[in-house]
Amino acid sequence: MRLLTKAWAVGVALVTAGALTACSGTGGTAASAGGGSADQPVKLTVWSWDGTVELAVPGFEKANPGIEVEVVNAGSSTDEYQALDNAIQAGSGVPDLVMFEYFAVPYFAVPGKLADLGPLGAAELADDYVPSAWNNVTIGDGVYALPSDFGPAVMFWNEATFAKAGIDEAPATWDEYYEDAKKIRALGDDYYITQDTNDLFFLLSLIWQAGGRPFEVDGTTVHIDFSAPETQKAVAFWQKMIDEDLVNTKISAWSDDWNRALNDGTLASQNMGGWLTSTLPERAPDAAGDFRVALMPQWGEGEKVGAENGGSSFGIPEAAANKEAAYKFLEYFTHGDGLQPRVEAGAFVPNKSVLDSPEFQDVKNPYFGDQKTGQVLAEASNIAAVGWQYPPFFEWARSTYGDIATPFYTSGKGSLAEVLQTWEQRSVEYGNEQGFQVD
Amino acid sequence: MSATERMTRPAVAVPVPGGAPQHYRRRRTRQIGWAFVAPFGILFALVFIVPITYAAYLSLFQDRMVGGPSFVGLANYTKLFGDAQFWDGVTRVVSFTLIQVPVMLVLALVLALAMDSMRLRGMRFMRVAIFLPYAVPAIVSTLMWGFMLGVRYGLFGSINGWLGTDIDPFRPSTTLISIGIMVTWAFTGYNMLIFDSVLKAVPQELYEAAAIDGAGEFRVIRAIKLPALRGSLVITVIFSIIGTFQIFNEPQILPSMVANSGITTYYTPNLYAFNLAFTGSQQGYAAALALVMAAFTIAIAYAVQIRGMRDALDQ
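Keep in mind it's a predicted model, so treat the numbers as computed, not measured.

Undergrad: For the overall build of chain B, give the residues involved together with the corresponding values.
TA: Assigned secondary structure in chain B consists of 13 helices and 2 strands. Expressed as a percentage of its 315 residues, the buried residues of chain B come to 38%. Across chain B, every contact between residues at least 6 apart in sequence was considered, and the portion connecting residues at least 24 apart equals 67%. When the accessible surface of chain B is split by element, carbon and sulfur atoms take 70% of a total near 18,700 Å².

Given below as structure tokens:
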């Protein structure tokens, strides 16, 4: 089978090479690397579950007559990564541009499945994004994706519920958050300051903000360690919240239950990525005017340190047929003229040009009681701490985390620290099996 | 018969007038036979033999993110037999099968007998209504049951509210029972239909004879209907075992609907294989798992068949 595929691939390469020589023979040099031209149209396939990318297509096609763009939703997150892995393995149907959550970039980049965008022009864009976002798409000296949306960790808090508990401002520190949680819990059975059913990304954002850096990646060497004091501080704090029944462990994020509890105000706050700004109004329409956005509570009085929770980017598979044209479109909708229609439609991007613009900062958001949410989100983006890394096998690790953490969340037996310890152990095992040097 | 007589017989076969050579005709019939089998043979090779051979080939390799695939011989199989997560899944589906299959088949049997008793009204409607869940895609039915059994805002939430109970169908300890209910709901009608069609084929004379002998309804069931159903029972048991061993849709979808249902990435062997292949990029290991499960399923189905057939012969 493998031999067959190889023979087939060679055949395709020969045919392509033939086509290319034919091209240069007629003087169509622009098309030689898949750049696209009027008489040699290039068709780009883009895999995206971000609906705003579509909005950049008409403008791009008008400005680049030789290139046609088709945006396809090949599933979200894991589903899409599986589809891409399948396509790469099969050697056919590989799209030209693919959406990745930041943590998935190393998974594809390290084994060489993603093209380095540096030589195509991406290296010059470093200063146009907030530092933490750029950090997410670079590995060593290579740039493997361009940020398309960003998730600075912020706190969405329901002012009405907080007021009911006698609190009139958002907690500035985690100590205040703890006190507020007790007051809100005192309102009655269903009232909680927040919910958590093994939400890994929240826990990591807490560790991230506290200064812990549990993953250190250098090429194929990975170091995993949850014992640093900064990490332990964050984990111990959340353990205390769960132990004292201040966190609802029955409602999981994204579920129908979650929507309802946000809607009726019984879940008083969410520490999540800034992207929730655009979907919260659909999830909790009845709470219109109640929610506000604030910076995540801080570990120390007067500090301003942020973290990330989610966000995504687009990369070009190494096996893509039209890399140059693909990069043109990528640059257009993540950095160039295509950015504006996306931002207007609600995309939250880490481009400084957008975050610093008065249009973004001065807009009053009616859902959030006319708060100028852009200011908070821009600030949270700028203070997001850098230096965080995800191991290349994070996609696997996060699915395993659920297996390990669920018994703790359902029975209350054990502790988060033990969960993380087991997780570390399994990740080390798996990483080594996969050919990395993990300890 | 004298020696001279024998001598006069021609030593070589002379062509019999009007008859084509025998061996030629036989060969042609044989070739026509192959032509008839070919459509099946080609499809069978294409969708059965080739994929299984390919899976067997894959199972001898280990895929690594760094360094790509490498030949490891039978290492995937030895690893599998020591894999606690694999055995956890196997134990789960086996115990699931032991309980769910009998419950479902008894239910289907009772329904089929009730239909066949001719004492019910609206039978045609009932037959369709009971069969209908089989036509609902498993994904849709899982979503539907997820909402019905959901404790916070689902139907079960209301039931708990009325009765003052605190039953959660999707706790780690109860999730498997809920899945059992979903599967039973979906497949009882299908099995009932199989039984029903067998009962319809029982010759009317047998019932007449029984009536003349003065047999009551239950006597008829015991002496005529159940023995008639024996063969189909073996078939349905085999189908059900194969089905339950491959449970996948329900545990795949439920975790995104309910929190902390206890469903792990290795909840059933199929789910484990899926996760190994696609989130763990361990295609080789997943292929080994799939083959072992296939062998396991075939062995059990075969054992049931032999056992069932022997009992049928004993009768």
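Undergrad: Quick rundown of the overall build of chain A? Include the residues and the values.
TA: For chain A, the helix and strand inventory stands at 18 helices and 14 strands. Relative to a compact globule of 439 residues, whose C-alpha radius of gyration would be 22 Å, chain A shows 23 Å and is just as compact. Its C-alpha atoms give chain A principal-axis dimensions of about 80 × 50 × 35 Å. Across the 439 residues that make up chain A, the buried fraction comes to 55%. Summarising the internal contacts of chain A: among those between residues at least 6 apart in sequence, 75% fall at separations of at least 24. With the model as given, the accessible surface of chain A reaches about 17,500 Å², and the carbon-plus-sulfur share is 51%. In chain A, which carries 26 positive and 61 negative side-chain charges, the distance between the mean positions of the two groups comes to 3 Å.

Undergrad: I'd like a description of the interface of chain B and chain A, backed by residues and values.
TA: Facing the 31 residues of chain B at the interface are 40 residues of chain A. Across the chain B to chain A interface the summed buried area is about 3,000 Å²; carbon plus sulfur atoms make up 52%. Taken together, the connections running from chain B to chain A amount to 1 salt bridge. The closest approach of N and O atoms between E433 of chain A and K79 of chain B, which form a salt bridge, is 3.0 Å.

Undergrad: A description of the pairing of strand β9 (residues 221-224) of chain A should follow, citing residues and the corresponding values.
TA: Residue and element names in this part refer to chain A. Here β9 shows a clear split, with V222 and I224 buried on one side and none of T221 and H223 buried on the other. In this sheet, β9 lies alongside strand β8 (residues 215-218) in antiparallel orientation, the contact comprising 4 bridges. Bridge pairing links D218 to T221 in β9. Counted along the chain from β8 to the antiparallel partner β9, the turn is 2 residues long, and its residue G219 has a positive phi close to 65 degrees. The pairing of β9 with strand β14 (residues 437-438) spans 2 bridges and is parallel. Looking at β14, one finds that V222 is bridged to V438.

Undergrad: Could you give an account of the packing of helix α4 (residues 84-116) of chain B against helix α10 (residues 217-245) of chain B, with specific residues and numbers?
TA: Residues and elements named next belong to chain B. The geometry of α4 relative to α10 is characterised by a closest axis approach of 10 Å and an angle of 145 degrees between their N-to-C directions. Where α4 crosses over α10, the handedness of that crossing is right-handed. Together, V93, V94, F96, T97, Q100, V101, M104, L105, L109, L113 and D116 of α4 and I221, K225, L226, L229, T236, V237, S240, I241, T244 and F245 of α10 make up the contact between the two elements. Here the contact of α4 with α10 is built from residues that sort into 14 nonpolar, 5 polar and 2 charged.

Undergrad: Provide a residue-level description of the side chain of S357 of chain A, including the pertinent values.
TA: All names here are of chain A. Positionally, S357 belongs in the loop between α14 (352-355) and α15 (358-361). A relative accessible area of 12% means that S357 is categorised as buried. A distance of 2.8 Å separates a polar side-chain atom of S357 from the backbone oxygen of V354.

Undergrad: Quick rundown of helix α9 (residues 229-243) of chain A? Include the residues and the values.
TA: Residue and element names in this part refer to chain A. Taking 1.5 Å per residue as the helical rise, α9 with its 15 residues ought to reach 21 Å, and the 20 Å between its terminal C-alpha atoms agrees with that figure. Among all positions in α9, only T231, A234, V235, F237, W238, Q239, M241 and I242 are buried. Contacts from the buried residues of α9 go to α7 (174-185), β7 (194-195), α8 (200-210), β10 (247-248), α17 (394-411) and α18 (416-433). A positive backbone phi angle near 55 degrees is found at D245, which sits one or two residues after α9.

Undergrad: Run through the nonpolar core, naming residues and quoting values.
TA: Among the nonpolar cores identified, the biggest contains 144 residues, and L146, W238, M241, F329 and W423 of chain A are the most heavily contacted of them. Composition of this core by domain shows at least three residues from each of domain 1 (37-150 + 310-361) and domain 2 (151-309 + 372-438) of chain A. If we skip the residues at most four places from it in the chain, W423 of chain A touches L200, F215, F226, F394, A397, R398, Y401 and I404 of chain A. Within the second largest apolar cluster, 21 residues are counted, among which are F86, A277, A287 and L291 of chain B.

Undergrad: Got a sec to walk through the domain arrangement of chain A? Specific residues and values, please.
TA: Residue and element names in this part refer to chain A. Here chain A is described as being made up of domain 1 (37-150 + 310-361) and domain 2 (151-309 + 372-438). Placing the centre of domain 1 and that of domain 2 at their C-alpha centroids yields a distance of 27 Å. Listed as interface residues are 25 residues of domain 1 and, on the opposing side, 26 residues of domain 2. Around 2,100 Å² of area is buried between domain 1 and domain 2 when both sides are counted, 59% of it from carbon and sulfur atoms. The interface formed by domain 1 and domain 2 holds 4 residue pairs in polar contact (both at pLDDT 80 or more) in total.

Undergrad: Could you give me a rundown of the environment of G369 of chain A, with the residues and numbers involved?
TA: Residue and element names in this part refer to chain A. Mapped onto the secondary structure, G369 falls in the loop between α15 and α16 (373-383). Separated by 183 residues in sequence, G369 and A186 place their C-alpha atoms 26 Å apart. Setting aside residues no more than four positions away along its own chain, G369 makes contact with G289, F291 and R292.

Undergrad: Break down the pairing of strand β13 (residues 308-315) of chain A for me, with residues and values.
TA: Residue and element names in this part refer to chain A. Burial within β13 is extensive, with 7 of its 8 residues counted as buried. Here 5 bridges tie strand β6 (residues 146-158) to β13, and the two strands are oriented antiparallel to one another. Across the sheet, residue D149 finds its bridge partner in β13, namely S312.

Undergrad: Residue-level account of the pattern of salt bridges, with values.
TA: Two side chains bearing opposite charge may form a pair once their charged atoms approach each other closely. Under the definition given, this model contains 18 salt bridges over all chains. As a salt-bridge pair, D245 of chain A and R185 of chain A come within 3.2 Å of each other at their nearest N and O atoms. Placement of the pair is D245 of chain A in the loop between α9 and β10 and R185 of chain A in helix α7, with a sequence separation of 60 residues. We classify D245 of chain A as partly exposed; its relative accessible area is 36%. Using a relative accessible area of 19% as the deciding quantity, one classes R185 of chain A as buried. Bridged by salt links that share partners, the residues D116, R119, E217 and K225 of chain B form one connected network.

Reading guide: rules and limits
- Residues numbered from 1 in each chain as written.
- Chains lettered and ligands numbered in written order.
- Predicted model: local features only at pLDDT ≥ 70, side-chain atom pairs only at ≥ 80, totals over all residues.
- Heavy atoms only, no water.
- Helix = DSSP H or I, 4+ residues; strand = E, 2+ residues; numbered from the N terminus.
- Buried < 20%, exposed > 50% of the residue type's maximum accessible area, 1.4 Å probe, protein only.
- Contact = heavy atoms within 4.5 Å.
- Areas by Shrake-Rupley, 256 points an atom, 1.4 Å probe, with all protein chains shown as cover.
- Rg over C-alpha atoms; globule rule 2.2 N^0.38 Å.
- Lys, Arg positive; Asp, Glu negative; His and termini not counted.
- Charge placed at Lys NZ, Arg CZ, Asp CG, Glu CD.
- Buried area = accessible area lost by both parts, 1.4 Å probe.
- Salt bridge = Lys/Arg side-chain N within 4 Å of Asp/Glu carboxyl O.
- Pairing = 2+ DSSP bridges.
- Axes fitted to C-alpha atoms, helices over the stretch in contact; angles between N-to-C directions.
- Left-handed = near helix turned anticlockwise from the far one by under 90°.
- Nonpolar A, V, L, I, M, F, W, Y, C, P; charged D, E, K, R; others polar.
- Polar contact = N/O pair within 3.5 Å; in protein donor to acceptor, adjacent residues only side chain to side chain.
- Expected span 1.5 Å × (residues − 1).
- Core = buried A, V, L, I, M, F, W, Y, C linked by side-chain atoms within 4.5 Å.
- Domains from an automatic or database assignment.

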